[in-house]
Amino acid sequence: MKMKVVIVGNGPGGVELAKGLSSDHDVTLVDHESVPYYSKPLLSHYMAGFLPEEKLFPYSPGWYEERGISLRLGEKALLIDRARKVLVADKGEIPYDVLVLATGAKAREPTAPGREHILTLRTLSDARRIKGKLEEEGEMVILGGGFIALELAGNLAKAGYPVRLVHRRETLLGLDEELSGMLREKLEDTGVEFHLGTEIVSADEEGLNTDRGYIPGRLKVCAYGTVPNVELARRSGIQTGRGSS
């Protein structure tokens, strides 16, 4: 008899697990987003105009159906009832024999006053919103000095958009000064303007107040990395520790 395997999370971990189990078990994927699995690393390429939206999706809806994978998209998992072996979601209860949490991570939020004027990038919905505003404003201020921030800055600059990158540290990616300097020079050649060693004091509609002066920019995107999605587990009484991003 096939087991009912319910996977919460439609990211790479959840999809790869579903693909591996679907030939032997009844597999259901549950995710709060309303679209099938897509490549998050390619979102900056999409926003820069290098990639059409449909190319973000490696699998068609028919791919899931062919493998017998049931998709419950646009459905938020609220609680795990381990006594009854039921996942409680906002659109009903889902019984399971085995439940897997593959909830991934969410964008780290800015904490500066005026953060309502700063957008974050993690989902396709975020990317669509940012892309629309980018086409209106024609430029972007990026907060952060990690992979997400640098990839976004590099792609947008290559596409011809003026880009300012603000980072509180003097180096990028946690690298030493020499390697960070080489990376910075390469991105500066594409047109990225750097404001390193700069602390954000507050944000407003027109730009950023920093400890080194005012940086203009109506479109501001925070790319501070990610934090684990552990809320479902914690609500359900599951010990999470620090989680994993």
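Residues numbered from 1 in each chain as written. Predicted model: local features only at pLDDT ≥ 70, side-chain atom pairs only at ≥ 80, totals over all residues. Heavy atoms only, no water.

Engineer: Break down the nonpolar core for me, citing the residues and quoting the values.
Structural biologist: General note: in soluble globular proteins, nonpolar side chains tend to be found buried as a group. Core analysis: the largest hydrophobic core is formed by 31 residues, its most contacted members being M140, I142 and L165. When contributions to this core are tallied by element, the ones reaching two or more residues are helix 2 (43-47), helix 4 (124-137), strand 10 (140-143), helix 5 (147-158), strand 11 (163-167) and strand 12 (192-196). It is helix 5 that contributes the most residues to this core, 6 residues altogether. Filtering out sequence-adjacent residues up to four positions away, M140 remains in contact with I130, L134, L152, L156, P162, V163, R164, L219 and V221. V5, I7, A18 and Y64 belong to the second largest nonpolar core, which has 11 residues in total. (Core = buried A, V, L, I, M, F, W, Y, C linked by side-chain atoms within 4.5 Å. Buried < 20%, exposed > 50% of the residue type's maximum accessible area, 1.4 Å probe, protein only. Helix = DSSP H or I, 4+ residues; strand = E, 2+ residues; numbered from the N terminus. Contact = heavy atoms within 4.5 Å.)

Engineer: Describe the environment of N10, with residues and values.
Structural biologist: Tracing the backbone through its elements, the reader meets N10 in the loop between strand 1 (4-8) and helix 1 (12-21). The class of N10 is buried, set by a relative accessible area of 6%. In the structure, N10 is positioned 117 residues away from A127 in sequence and 17 Å away in space, judged by C-alpha atoms. Not counting residues up to four positions away in its chain, the partners in contact with N10 are V15, L29, V30, D31, V35, P36, Y37, Y64, L71 and L73.

Engineer: Kindly report on the layout of surface pockets, identifying the contributing residues and their values.
Structural biologist: One number sums up the size of the largest pocket: a volume of about 1000 Å³. As for the largest pocket, its lining consists of 42 residues, and the residues nearest its centre are K40, T103, A105, R122 and N229. If you list the elements that add at least two residues to the lining of the largest pocket, you get helix 1, strand 2 (26-31), helix 2, strand 8 (105-107), helix 5 and helix 7 (231-235). Broken down by element, the residue count for the lining of the largest pocket peaks at 4 residues, all from helix 5. Considered class by class, the residues forming the lining of the largest pocket number 18 nonpolar, 12 polar and 12 charged. The space that makes up the second largest pocket amounts to roughly 420 Å³. Forming the boundary of the second largest pocket are 21 residues, of which G144, G145, H167, R168 and Y224 lie nearest the centre. (1 Å grid on protein atoms, 1.4 Å probe; cavity = no way out; pocket = protein on both sides within 12 Å on 5 of 7 lines; lining within 4 Å. Points joined across faces, edges and corners; volume = space filled by probe spheres on them. Nonpolar A, V, L, I, M, F, W, Y, C, P; charged D, E, K, R; others polar.)

Engineer: Residue-level account of helix 4, with values.
Structural biologist: In this model helix 4 runs 20 Å from its N-terminal to its C-terminal C-alpha over 14 residues, within 8% of the 20 Å that 1.5 Å per residue would give. Next to the buried residues of helix 4 lie helix 2, strand 9 (119-120), strand 10, helix 5 and strand 16 (220-222). (Expected span 1.5 Å × (residues − 1).)

Engineer: Hey, could you go over helix 6 (residues 177-190) for me, with residue numbers and the actual values?
Structural biologist: The end-to-end C-alpha separation of helix 6 is 20 Å, in line with the 20 Å expected for 14 residues at 1.5 Å each. Its side-chain oxygen 3.2 Å from the backbone nitrogen of E178, D176 forms the N-cap of helix 6. Trailing helix 6 by a residue or two, G191 shows a phi angle of about 115 degrees, which is positive. (Polar contact = N/O pair within 3.5 Å; in protein donor to acceptor, adjacent residues only side chain to side chain.)

Engineer: Go over the pattern of salt bridges with me, naming the residues and quoting the values.
Structural biologist: Applying the stated criterion to the full structure yields 16 salt bridges. Between E193 and R164 there is a salt bridge, with the nearest N and O atoms lying 3.9 Å from each other. Of this pair, E193 sits in strand 12 while R164 sits in strand 11, placing them 29 residues apart in sequence. On the accessibility criterion, E193 (38% relative accessible area) is partly exposed. Judged by relative accessible area, which is 16%, R164 ranks as buried. Salt bridges here are not isolated pairs; linked through shared partners, they connect E137, E205, E206 and R218. (Salt bridge = Lys/Arg side-chain N within 4 Å of Asp/Glu carboxyl O.)

Engineer: For the pairing of strand 12, give the residues involved together with the corresponding values.
Structural biologist: Residues of strand 12 alternate between two faces, with V192, F194 and L196 buried on one and E193 and H195 left unburied on the opposite face. Here strand 11 runs beside strand 12; their pairing, made up of 5 bridges, is parallel. By the bridge assignment, L165 is partnered in strand 12 with F194. In terms of handedness, the path from strand 11 via helix 6 over to strand 12 forms a crossover that is right-handed. (Pairing = 2+ DSSP bridges. Right-handed = clockwise from strand over helix to strand, strands pointing away.)

Engineer: I'd love a proper account of the packing of aromatic side chains, names of residues and values included.
Structural biologist: Using the criterion set out here, one finds 4 aromatic pairs in the structure. Arranged with centres 6.3 Å apart and planes meeting at 35 degrees, the rings of Y37 and Y59 form a pair that is tilted. With Y37 in the loop between strand 2 and helix 2 and Y59 in the loop between helix 2 and helix 3 (61-66), this residue pair connects regions lying 22 residues apart in the sequence. Like Y37, the residue Y59 is buried in the burial classification. Ring geometry for Y59 versus W63: centroids 3.9 Å apart, planes at 10 degrees, classification stacked. (Phe/Tyr/Trp six-rings, centres within 6.5 Å; stacked < 30°, edge-to-face > 60°.)

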